[in-house]
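# What the coordinates show
Each chain, written out:
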Amino acid sequence: MNVRRLLALLPVSLLLLIIPTAPPSTAATVVAFGSVVPAPVTSTAAAGVTYGITVSTAVYADPGAEGVGERLAAPLRRSTGYPLPVSPAPGAGGISLLLSGAPATVGAEGYQLDVTATSIVIRANRPAGLWNGVQTLHQLLPVAADSATVQPGPWPVPGGHIVDYPRFGYRGAMLDVARHFFTVAAVERYIDQLALYKVNYLHLHLSDDQGWRIAIDSWPNLATYGGSTAVGGGPGGYYTKADYQQIVSYAAARSVTVVPEIDMPSHTNAALASYASLNCDGVAPPLYTGTDVGFSSLCTAKELTYTFIDQVVGELAALTPGPYLHIGGDEAASTAPADYAAFVNRVQRIVAAHGKTVAGWHDVTKATPLPSTVAQYWGTTTNDASVKTAAQNGTKLIMSPANRAYIDMKYNSRTTLGQNWAGYIDVKTAYGWDPGAYLTGVAASSVLGVEAPLWTETLTTSADIDYMAFPRLPAIAELGWSPYSTHNWTAFKQRLGAQGPRWKVMGVNYYHSTQISWPGGS
Ligand code: ACM
């Protein structure tokens, strides 16, 4: 018997029970208290307790936390339709963001969250801690809270107690805006996605062979000519200083620090094409729109090269409130090893003279790192002699092993976007390593944190970024935040899967990895 015949035989009263008259609402579903990504340090659910956000809920924020309060309330006003005023603490009931009363152990970025039937209270020592607490609260809201339009509610938040703080101080993501240019709006969208998973550094790869993406007043052709194309020959683009400052301040308001990278001495064709004088032979090469690496080099023997670097670094440092300035240093196949080492050593001093801490790809450990220089490991093995020696001499590392953390790698052979030179990386591979114990002979105390680089030779849209970053970015973010004692693939994939419905509401074009069971097939 077909369904239509069966339905025709049933009494109307029964039909009303089984035929849904409206799409099922997810708004009333109470999120599981233990579903947060990254996993908190300690989390205790209060069974059966929920706090309900209503039309009369207010947000109370201590002085210094008004911005965090506003960024909590603004998206909720959109989805709930409630006024959710933000006013000075203390207040009765409501949602309180307090810069007092947190355990000292949570440090500058941690927080304590208490959800009871009558209030939500986040306590932290610093606004960055409140921000991280708000990200946890965000994930405890019904997924409909992420809707861009008013939804019917109700808005329950599960009760419980969380004390949470990061394992590593550096939890980064890199976006390559050189191979393809991404607008300020696209970068801000990515910042919002990073913040949700407590990522606190955005490394922008601002220059490469195919494009120079930041206006430099003393060398204007870099942006106007060097930024005029991209991989595949598109129109490229660049950030004016005002654009760049907009990105930096948008990030800062979300506890994200921007790390600018000018890659050198290789990956410099866009600069060499913009100024003939930067070339050893005085002849500018044509612009480049292919994807080869290692063919370009600044002229390390020319004094003008260091004037150029001093001026570029000086202008960039002035736009950079954060501590780090990344000098690249990778794949310098067209620079003799001795010239490379002398170049990196000299450039480190230039960066330091402008008040910034040098970051570089781990190739810089072949020079003599300054005591403060941070090396970013991007290799595909767990043993690297010069990185090990540098670490043993005090160099701190950011861990981005390409066969684990490069989220531009394809998920598998059927993935149409991305590359595969470091292998295929599905979620389990991205998650399945310990940044503190990855490299032979490198102690956990040498590791500053992790970063998920996203190279964009094959990526041109925010939908492309979404597809490569989700769901792997939250896996890397969890490695950076959560204590390794919480590391458990079975538990992680459950929590990660629970993010799927939220990404769907947010319009994130995520990859439906078959390693994860996505609730409702979402
Ligand atoms: C790199 O992937 N060349 C750092």
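Residues numbered from 1 in each chain as written. Predicted model: local features only at pLDDT ≥ 70, side-chain atom pairs only at ≥ 80, totals over all residues. Heavy atoms only, no water.

## Topic: the sheet that holds strand E5 (residues 111-115)
On the basis of which strands lie adjacent, the open sheet formed by seven strands has the order E1-E7-E5-E6-E4-E2-E3 and mixed pairing. Here the strands that pair on one side only, and so sit at the sheet edges, are strand E1 (42-53) and strand E3 (86-88). Averaged over all pairs of adjacent strands, the angle between strand axes in this sheet comes to 25°, irrespective of strand direction. (Pairing = 2+ DSSP bridges. Helix = DSSP H or I, 4+ residues; strand = E, 2+ residues; numbered from the N terminus. Axes fitted to C-alpha atoms, helices over the stretch in contact; angles between N-to-C directions.)

## With respect to helix H14 (residues 462-469)
Those residues of H14 that sit buried are Asp 464, Ile 465, Asp 466, Met 468 and Ala 469. Structurally, H14 contributes buried residues whose contacts are with strand E8 (170-176), helix H5 (184-196), strand E17 (447-454) and helix H15 (472-481). (Buried < 20%, exposed > 50% of the residue type's maximum accessible area, 1.4 Å probe, protein only. Contact = heavy atoms within 4.5 Å.)

## Here's the deal with the pairing of E5
Burial of E5 is extensive: five of the five residues sit out of reach of the surface. Burial along E5 is two-sided: Tyr 111, Leu 113 and Val 115 facing one way and Gln 112 and Asp 114 facing the other are all buried. Across five bridges, the pairing between E5 and strand E7 (residues 155-164) is antiparallel. Residue pairing for E7: Gln 112 is matched across the bridge by Val 163. Two strands pair when backbone bridges link them, and E5 and strand E6 (residues 120-123) are joined in this way by four bridges, in the antiparallel orientation.

## Quick notes on the nonpolar core
In terms of nonpolar packing, the biggest core is built from 109 residues, with Tyr 190, Leu 204, Trp 212, Ile 214, Tyr 239, Phe 308 and Ile 309 touching the most fellow members. The contacts of Tyr 239, once residues within four sequence positions are left out, are Val 177, Phe 181, Phe 182, Thr 183, Val 184, Val 187, Leu 206, Arg 213, Ile 214, Ala 215, Tyr 244 and Ile 247. Core analysis: the second largest hydrophobic core is formed by 34 residues, Ala 73, Val 115, Ala 144 and Val 157 among them. (Core = buried A, V, L, I, M, F, W, Y, C linked by side-chain atoms within 4.5 Å.)

## Re the confidence of the model for the protein chain
Per-residue confidence for the protein chain averages 95 on the pLDDT scale, and 94% of its residues sit at or above 70. Counting contacts from residues 1-27, a segment whose pLDDT is below 50, to residues more than four positions away or on other chains yields 13 contacts. (pLDDT = per-residue confidence, 0-100.)

## Brief notes about the state of the cysteines
Counting across every chain of the model gives one disulfide. Paired through a disulfide, Cys 280 and Cys 299 show a sulfur-sulfur distance of 2.0 Å. Across the S-S bond linking Cys 280 and Cys 299, the dihedral sits near 105°, which makes this disulfide right-handed. With a gap of 19 residues between them, Cys 280 in the loop between helix H8 (269-274) and helix H9 (303-318) and Cys 299 in the loop between H8 and H9 connect regions that are remote in the sequence. (Disulfide = S-S within 2.5 Å.)

## A short note on the side chain of His 362
The residue His 362 is located in the loop between strand E14 (357-361) and strand E15 (374-377) in this model. Beyond its immediate stretch of four places on either side in the chain, His 362 contacts Ala 375, Gln 376, Tyr 377, Trp 378, Gly 379, Asp 384 and Val 387.

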